[in-house]
Amino acid sequence: MTNCPTLIVTVGLPARGKTYISKKLTRYLNWIGVPTREFNVGQYRREFVKIYKSFEFFRPDNEEGLKIRRQCASAALNDVRQYLTEEQGQVAVFDATNTTRERRETIIQFAEQNGFKVFFVESVCEDPDVIQENIVQVKLGSPDYTNCNTEEAVEDFMKRIKCYENSYETLDEVLDRDLSYIKIMDVGQRYLVNRVLDHIQSRIVYYLMNIHITPRSIYLCRHGESELNVKGRIGGDSGLTPRGKEFAKNDLKVWTSQMKRTIQTAEALDVPYEQWKVLNEIDAGVCEEMMYEEIQENYPLEFALRDQDKYRYRYPKGESYEDLVQRLEPVIMELERQENVLVICHQAVMRCLLAYFLDKTAEELPYLKCPLHTVLKLTPVAYGCKVESISLNVDAVNTHRERPENVEVSRMSEEALLTVPAHQ
Amino acid sequence: MCLTICKLLCVSVYLILFVSWTVFCVRTCCQTQTGISQVTHYAGVQTFELPSVPQFCNSPTMIVMVGLPARGKTYISKKLTRYLNWIGVPTKSEACAAAALKDVTAYFTKEQGQVAVFDATNTTRERRAIIISFAKEKGYKVFFVESICDDPEIIAENIRQVKFGSPDYVDRDIDEAMEDFIQRIDCYRASYMPIDDERDRKLSYIKIFDVGNRYLVNQVQDHIQSRIVYYLMNIHVTPRSIYLSRHGESELNLLGRIGGDSGLSPRGQKYANALATFIKGQNIRDLKVWTSHMKRTIQTAEALGVQYEQWKALNEIDAGVCEEMTYEEIQENYPEEFALRDQDKYRYRYPKGESYEDLVHRLEPVIMELERQENVLVICHQAIMRCLLAYFLDKPADELPYLRCPLHTVLKLTPIAYGCKVESFFLNIEAVNTHRERPVNVDINRNPEEALQTVPDHI
């Protein structure tokens, strides 16, 4: 039963962070290479019931409403089946309240019939401040409330929550002891984990136990321009001459790679910093320290293959972007645990980290723009990440090479070198 | 090019101004949950602390075991200690209930210990309160690990495996001894107060129920506690064996060259076939086979005729500029590097290559998955096998790079009691020796002969 698809099922009252968790988990799994998709039943409901009137729709005695909600759940499960069986999906996240044992039993049977493993993720929270903040951050902007003012929306939403409360059956240690699940209590103060069955569930649990919602920002930048950058050479470990400046910080962690140019950039800040070997630039193997012109001259075939599939292409005796993502996973995990962090790294590494935070696909990742002397400030907001790009107003060479039009192995040198940025 | 000096200064100035402004904003409007404690990263990462910065480095952590006898506390303590030491976190296990807490202080302050595991029943709130207030006074963090189990079969098996070897029971009849031990447990039971989810909600702890069926995790404070929780949630006690083997002899092995990505020699191919026969003969249930991404391990696995999984993390140590050289060539071209490596083979990193310390870091996910799995055959390389073996046999960093992992020999590791039984199977196919002992003279100005004294024979 290896690699049978997994169905992750959220459980919890409204405004408990289920969609936040679903989207984040989906983004993480896709980034590490596990094809995952989320299915939000609320979306299905909005498509079916074009206009949301009020909480009355969710009243437990609203027969019409119940029927529609059941249909939406079925439609979503149908799409789940299609994704996991016909579209090579590996994990599906079924995002809905799923607050009754009966509903969950239906899902379990569905999974059994289709050969999917089920893992429940329940979020339990009674802190009114957290719930309030939730509502303000993500509910007020929802399509359901476009025509309401804040007070009306909040009041309606609170009543909506009430509709679920009476029939809510939380995952029970005894009654549900044969199920696989994690129960997250009070936004991560406490977790109950039951019957983790396999590797992917173990990774999911580890991830969920490391994320938090404390406001913070992550700053990503490359090292200051290096000598090799100037000469148009890739990789290497060239030097910069450091200067010092007084700077004391307690709250900001600074991370660098173990390559001179990031260390020297951090040294100039004169603050404690941590070196991570896994933040080292992509290993270009036999092409280390070459100019693109030299790669074209010496390895034209490799050069073309790389343009054909830049994400998976591995330099001979070197690495691929795909390898990078694998080695950066502990960095991402620790970034999730941390609060304010400045990561001074390299072009390919920064592209991988950025792709994680901004949910970019493997095709887009190797072409993300990460110019020198620019800091990207990432601030989690609602279900995503706000990006602010701050240019440090110091000139630098451009090191971004776009995908050329002709990626054929038989192409001319000029076509291969068309997009190489200028250098000395 | 000197423009870089000016540019760097400018970049730094702007960076400083920009970041300090934003941090000021951030500091005034956000509340940190975890206070000022910092996190260090282990195995392959160094932390730099400059004298001008307040010295609040990582507080040492006390892990406190809780639970009735025969609940696996010592098993967990020893295993956790072994794991933490292997990933580079200096850890010690204090097994004696009467072990003075001052020994813990000595370990943290004088021996640079990072984690101390307090292995005792610690079954009363009173006892735990003493430990908590001691830790608070010293600025140590405390993380409780409670093992709760009421399955009589598991407990009986526990007692059989580890208690009957104990001096207390050497001359006793098994049944009588079992009876006696169960009564011993009952003495604790009366006063046993498990960690209370309500009253103790401010404590950091993990409760393990029924050998890992269920876990309750409360208030994980930092990176190391998170790693500990992850580890504890991945280990199991189901009987199984792990088989470690190198690839069959390779073409480069014959030439005495290190690294590279060559194929098997004829003898190496013979070994692959012999390995297939051996494995079939072992009658292993549900065996998983893992290889690296390098030809020689893949070719070896191919002979088995079963599915195998390739792990890039199992690739041999990258010897950087010394790849595919003989030791003689390394001595000729890089005599200083060669000597430095002999001085500290664990931490030494080949120029543009890796160190054993780096290897451990990249092998950690392999170890984690090995813990999750049951029967596994890992076909890998000399340095890799040394790292894995060191983990299972609890070998320290200075011994690790000199562990003997000869070609054409399978090591079968079977966990028993608190450790690991090792059985070595040489499959009777001759192969070169690739083991180079530490020479007597490791000085950088030694003679070539002294440097090459311990190099094994090759073509």
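The shown structure was predicted, so the numbers you read here are calculated from the model rather than taken from an experiment.

Draft legend 1. Focus on the sheet that holds strand E12 (residues 409–416) of chain B. Residue and element names in this part refer to chain B. Read from one edge to the other, the open sheet built from six strands follows the order E10-E9-E11-E8-E12-E13, with strand pairing classed as mixed. Edge positions in the sheet fall to strand E10 (309–310) and strand E13 (419–426), since each of these pairs with one other strand and no more. In this structure, E12 lies alongside E13, joined through eight bridges in antiparallel fashion. Across the sheet, the residue bridging to Thr 414 is Lys 421, located in E13. Packed onto the sheet, helix H14 (residues 382–393) meets strand E8 (242–246), strand E11 (376–380), E12 and E13 and runs at close to 155 degrees relative to E8.

Draft legend 2. Representation of the sheet that holds strand E2 (residues 36–40) of chain A within the structure. The twelve strands are arranged E2(A)-E3(A)-E1(A)-E4(A)-E5(A)-E6(A)-E7(B)-E6(B)-E5(B)-E2(B)-E4(B)-E3(B) in an open sheet whose pairing can be described as mixed. Edge strands, defined here as strands with exactly one partner in the open sheet, are E2 of chain A together with strand E3 (91–94) of chain B. Strand-to-strand twist of the sheet, defined as the mean angle between neighbouring strand axes without regard to direction, takes the value 15 degrees. Examined bridge by bridge, strand E2 (residues 61–66) of chain B and strand E4 (residues 115–118) of chain B share four bridges and lie parallel to one another. Bridging across to E4(B), Met62(B) finds its partner in Ala116(B).

Draft legend 3. Summary view of the UniProt feature "active site" (unreviewed entry) in chain B. Residues and elements named next belong to chain B. When the UniProt feature table is mapped onto this chain, "active site" (unreviewed entry) is found at His 247 and Glu 316. Despite a sequence span of 70 residues, these residues sit close together in the fold, their greatest C-alpha distance being 10.7 Å. Secondary-structure assignment places His 247 in the loop between E8 and helix H8 (251–254). Every residue in contact with His 247, bar those within four places of it in the chain, is listed here: Asn 253, Tyr 271, Arg 296, Thr 297, Thr 300, Ile 379, Cys 380, His 381 and Leu 407. A polar contact is formed between the side chain of His 247 and the side chain of Arg 296, at a distance of 3.4 Å. Within the secondary structure, Glu 316 sits in the loop between E10 and helix H11 (327–333). Among the polar contacts made by the side chain of Glu 316, one reaches the main-chain amide nitrogen of Gln 382 at a distance of 3.4 Å.

Draft legend 4. Representation of the domain arrangement of chain B. All names here are of chain B. When cut into domains, chain B gives domain 1 (18–232) and domain 2 (242–451). Counting residues at the interface gives 17 residues for domain 1 and 20 residues for domain 2. Taking both sides of the interface into account, the surface hidden between domain 1 and domain 2 amounts to around 1,700 Å²; carbon and sulfur atoms contribute 63%. For the pair domain 1 and domain 2, the number of links is two salt bridges. Applying the counting rule to domain 1 against domain 2 returns five residue pairs in polar contact (both at pLDDT 80 or more). Of all the elements in the fold, those that place two or more residues in the side of domain 1 that touches domain 2 are helix H2 (73–86), helix H5 (152–163) and helix H7 (223–232). Among the elements that make up the side of domain 1 that touches domain 2, the one with the highest residue count is H2 (seven residues).

Draft legend 5. Summary view of the pairing of strand E5 (residues 141–148) of chain B. Residue and element names in this part refer to chain B. Buried residues dominate E5, accounting for eight of its eight residues. Residues Lys 141, Phe 143, Val 145 and Ser 147 point to one face of E5 and Val 142, Phe 144, Glu 146 and Ile 148 to the other, with burial holding for every one of them. Bridge analysis of E2 against E5 gives six bridges, and the strand direction is parallel. Each bridged residue has a counterpart across the sheet, and for Met 65 the counterpart in E5 is Val 145.

Draft legend 6. View of the packing of helix H3 (residues 63–86) of chain A against helix H4 (residues 101–114) of chain A. Residue and element names in this part refer to chain A. Where H3 meets H4, the axes come as close as 12 Å, and the angle between the chain directions of the two elements is 25 degrees. By the criterion of interaxial angle, the relationship of H3 to H4 is roughly parallel. Relative to H4, the crossing made by H3 is right-handed. Across the interface between the two elements, Arg 70, Ala 73, Leu 77, Val 80 and Arg 81 from H3 touch Arg 103, Ile 107, Phe 110 and Asn 114 from H4. Looking at side-chain class alone, the contact of H3 with H4 contains five nonpolar, one polar and three charged residues.

Draft legend 7. Focus on helix H4 (residues 125–138) of chain B. Residues and elements named next belong to chain B. The end-to-end C-alpha distance of H4 is 20 Å, a good match for the 20 Å that 14 residues give at a rise of 1.5 Å each. As for H4, its buried residues are in contact with E2, helix H3 (101–110), E4 and E5. Gly 139 sits one or two positions beyond H4 and adopts a positive phi of about 80 degrees.

Draft legend 8. Structural view of the environment of Arg404(B). All names here are of chain B. Structurally, Arg 404 is set in the loop between H14 and E12. What makes Arg 404 exposed here is its relative accessible area of 52%. Put simply, Arg 404 and Ala 383 are 21 residues apart on the chain and 9.9 Å apart in space, counted from C-alpha to C-alpha. The contacts of Arg 404, once residues within four sequence positions are left out, are His 435 and Glu 437. A polar contact of 3.0 Å, which involves the side chain of Arg 404, links it to the side chain of Glu 437.

Draft legend 9. Structural context of the pattern of salt bridges. All names here are of chain A. Enumeration over the complete set of coordinates arrives at 51 salt bridges over all chains. The salt bridge involving Glu 155 is made with Lys 159; its shortest N-O contact spans 3.1 Å. Residue Glu 155 and its partner Lys 159 are both found in helix H6 (residues 150–165); the two are separated by four residues, about one turn of the helix. Residue Glu 155 is classed as partly exposed on the basis of its relative accessible area of 48%. For Glu 402, the salt bridge is made with Lys 369, and the minimal N-O distance between the two is 3.3 Å. In this pair, Glu 402 sits in the loop between strand E12 (384–391) and helix H14 (413–417) while Lys 369 sits in the loop between helix H13 (347–358) and strand E11 (374–381), placing the two residues 33 residues apart along the sequence.

Criteria and cut-off values
- Residues numbered from 1 in each chain as written.
- Chains lettered and ligands numbered in written order.
- Predicted model: local features only at pLDDT ≥ 70, side-chain atom pairs only at ≥ 80, totals over all residues.
- Heavy atoms only, no water.
- Pairing = 2+ DSSP bridges.
- Helix = DSSP H or I, 4+ residues; strand = E, 2+ residues; numbered from the N terminus.
- Contact = heavy atoms within 4.5 Å.
- Axes fitted to C-alpha atoms, helices over the stretch in contact; angles between N-to-C directions.
- UniProt positions renumbered as here; feature names shortened; annotations may be inferred.
- Polar contact = N/O pair within 3.5 Å; in protein donor to acceptor, adjacent residues only side chain to side chain.
- Domains from an automatic or database assignment.
- Buried area = accessible area lost by both parts, 1.4 Å probe.
- Salt bridge = Lys/Arg side-chain N within 4 Å of Asp/Glu carboxyl O.
- Buried < 20%, exposed > 50% of the residue type's maximum accessible area, 1.4 Å probe, protein only.
- Parallel < 35°, antiparallel > 145°, perpendicular 65-115°, else oblique.
- Left-handed = near helix turned anticlockwise from the far one by under 90°.
- Nonpolar A, V, L, I, M, F, W, Y, C, P; charged D, E, K, R; others polar.
- Expected span 1.5 Å × (residues − 1).

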